[in-house]
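Listed below are the residues making up each chain.
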Amino acid sequence: MSVSKREALVEESVKCYLTGVQDLWDEEGVSEDQRKDRTDAVTKQVTEHLDRMIAGDESWKEHHINNIAVCCRKLDTLCEELLLPPLERDDNQPILQLEKDLHTKVEVLLQEKIDRQTELRTLIERNEQLCDSLRTPRYVIDSLAVPSLDELDRFRRHVVSLSEEEDRRRVQFVNTQKQIISCMEELDLSSDARSDLQVLWEEEASFCLSTENMHSLQMLLQQLEEQRSQNEAVCTVLRSRVTDLWNKLRVPSEERETFSVNMSGPSGKTGQALVAELQRLEKLERAKLCPIIREIREILKFYWKRCYYTHEQMQAFPAFYDDDYTEDLLELHEAEVVKIMHHFEVHQQLFEDVEKWLCCWDRFTELVRNSRRSTMFYDVKNSGGRNSFTFEASQHAKIHNTFKMLKEDLVARIIAWEEEQLQVFVINEQRFMDSVLEQWQRSQNLIVERRLRESDLKRRRSMGAPRTESDLKRRRSMGAPRTGVVSWISKGVDRLPETF
């Protein structure tokens, strides 16, 4: 309703009131002086009432203005506490609307302050719990002041990171705990030792996840794993020793299967069982050392022979001649067997070539002896003799070719062996290199002799040879010249061919 309408309504109401009063006064015959007094009284009352209304409205206006000032002060304080820029107000607004808007802004900022302080207290409480659990320094922040949005965000992210670290350490603790318990069970620790260690995690929730404690826990796990590894290494050595003794002593498979439960795992009981079994086997071994050592000596003899050891090389191992059968003596023999077997494996080709050379030489000398006997009393009418001679000649050629193939490789290997061993390769108390060259030269000479005998045989065929030894003796007694190989060799050969 506009001001003009309100004024017209008031004016009309006053006119109606005065008209009604005039009519009453006319009917009653009120005098003019009385009318004036009554009109003045009404005017006075209306004036006083309006004055009171104006005074009341002015008082309300002052009250609202004061409220606005209070709200402005509160807003300034809240903006300062919340680290917000000062709020601008529109002074052109009506007083009541301005008061309402300012009051609403005060309530919003006050609620934000309460929310920040509530979250701050929650974060502080959570931070203290995490710091106590992780044994980390507390986050520095003023708990009485209202934090800014940036401060609150940084604090919130810090608490989240601590919470993630706690979860990570909790998982690590649980896994490490399981591994430690597994190691303790494998190591079969005593109940006292296990109870002392279990104090560390009586209650998982109360365990302090500090860096020092986690490090100590890892160190404990590492120590247990090292102990387990050491036990496993010791048990492996014991198992190997037990297996070796089983094989040496020819322990029946039934006894081995009975003990098979102790052939795996690093527990203390397993180690004790292995030690007990080893002691039992060593006791049996000592009772059987004599045949075992003798068996090993036969092996040594075999390899010494295969490696062409000299008497001095055999004497270099005095334990071979010791009759005091002890564990140490057995170990010396075992070490010597390993040494000689390794030596044989490294130079096996050399020894095989030497053996081939010696076999060929024995066969060659045997053929020479047979050929001498067969040609000394050869019967020219015996065609089978000629076939035998031809066969022996072919055998000579084959063996000679074998000599030629072996000679170069054998000499090269002997030279390499002597350079490596820093000693000469000796067989039958003679340097084998010299023996090879000597036998090679002898083979050449024998081949020359065979060819001479072949020529002599042809000559005898044409001249007629004695058929029996009595004929030969009769001819010699009559002064006949000697024929055959001896006469040709007695003449001598100045120069031998290089190859045949």
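For the structure, check the block above.
What comes next is a walk through the structure. (Residues numbered from 1 in each chain as written. Predicted model: local features only at pLDDT ≥ 70, side-chain atom pairs only at ≥ 80, totals over all residues. Heavy atoms only, no water.)

Attention now moves to the layout of surface pockets. Estimated volume of the largest pocket: approximately 350 Å³. Forming the boundary of the largest pocket are 14 residues, of which Val14, Tyr17, Leu18, Val42 and Val46 lie nearest the centre. Taken together, the elements giving at least two residues each to the lining of the largest pocket come down to helix H1 (3-28) and helix H2 (32-81). At eight residues, H1 tops the list of elements feeding residues into the lining of the largest pocket. (1 Å grid on protein atoms, 1.4 Å probe; cavity = no way out; pocket = protein on both sides within 12 Å on 5 of 7 lines; lining within 4 Å. Points joined across faces, edges and corners; volume = space filled by probe spheres on them. Helix = DSSP H or I, 4+ residues; strand = E, 2+ residues; numbered from the N terminus.)

Bringing the nonpolar core into the picture now. Leu281, Leu300, Trp304, Ile340, Leu350, Phe351 and Phe425 are the most contacted members of the largest nonpolar core, which totals 38 residues. Contributing elements (two or more residues each) for this core: helix H6 (211-249), helix H8 (268-287), helix H9 (289-306), helix H11 (327-346), helix H12 (348-376) and helix H13 (383-421). If you look at the next biggest cluster of nonpolar residues, it comprises 23 residues, including Leu130, Leu162, Met214 and Leu221. (Core = buried A, V, L, I, M, F, W, Y, C linked by side-chain atoms within 4.5 Å. Buried < 20%, exposed > 50% of the residue type's maximum accessible area, 1.4 Å probe, protein only.)

To continue, consider unusual backbone geometry. Residues apart from glycine generally show negative phi values, whereas peptide bonds are mostly found in trans. Of note in the backbone geometry, Leu83 takes a positive phi value of approximately 55° without being a glycine. With respect to the helices and strands, the residue Leu83 is situated in the loop between H2 and helix H3 (95-134). Positive phi outside glycine occurs at Arg135, with the angle close to 55°. One can find Arg135 in the loop between H3 and helix H4 (149-187).

If you check H6, its first and last C-alpha atoms are 56 Å apart, about what 39 residues at 1.5 Å a residue would give, namely 57 Å. Residues Met214, Leu217, Leu220, Leu221, Leu224, Cys235, Leu238, Arg239, Val242, Leu245, Trp246 and Leu249 constitute the buried set of H6. Of the residues one or two after H6, Arg250 is the one with positive phi, at around 55°. (Expected span 1.5 Å × (residues − 1).)

Here H4 crosses H6 at 30°, and the two axes come no closer than 10 Å. One way to sum up the angle between H4 and H6 is to call them roughly parallel. Our pair here, H4 against H6, has a crossing hand that is left-handed. Facing H4, whose interface residues are Arg169, Gln172, Phe173, Thr176, Gln179, Ile180, Cys183, Met184, Glu186 and Leu187, H6 presents Thr211, Met214, Leu217, Gln218, Leu220, Leu221, Leu224, Glu225, Gln227, Arg228 and Asn231. The residue inventory of the contact of H4 with H6, partitioned by class, reads ten nonpolar, seven polar and four charged. (Axes fitted to C-alpha atoms, helices over the stretch in contact; angles between N-to-C directions. Parallel < 35°, antiparallel > 145°, perpendicular 65-115°, else oblique. Left-handed = near helix turned anticlockwise from the far one by under 90°. Contact = heavy atoms within 4.5 Å. Nonpolar A, V, L, I, M, F, W, Y, C, P; charged D, E, K, R; others polar.)

Taken as a whole and judged by the stated rule, the model has six aromatic pairs. Where Trp304 meets Tyr309, the ring centres are 6.1 Å apart and the plane angle is 15°; that geometry is what we call stacked. Each member of the pair, Trp304 as well as Tyr309, is classed as buried. Aromatic pair Phe320 and Tyr321: ring centres 5.2 Å apart, planes at 80°, arrangement edge-to-face. Aromatic rings pair up to connect Trp304, Tyr309, Phe320 and Tyr321 into one cluster. Geometry around Phe320 places Arg297 over its ring, the cationic atom sitting 5.5 Å from the centre. (Phe/Tyr/Trp six-rings, centres within 6.5 Å; stacked < 30°, edge-to-face > 60°. Lys NZ or Arg CZ within 6 Å of the ring centre and 35° of its normal.)

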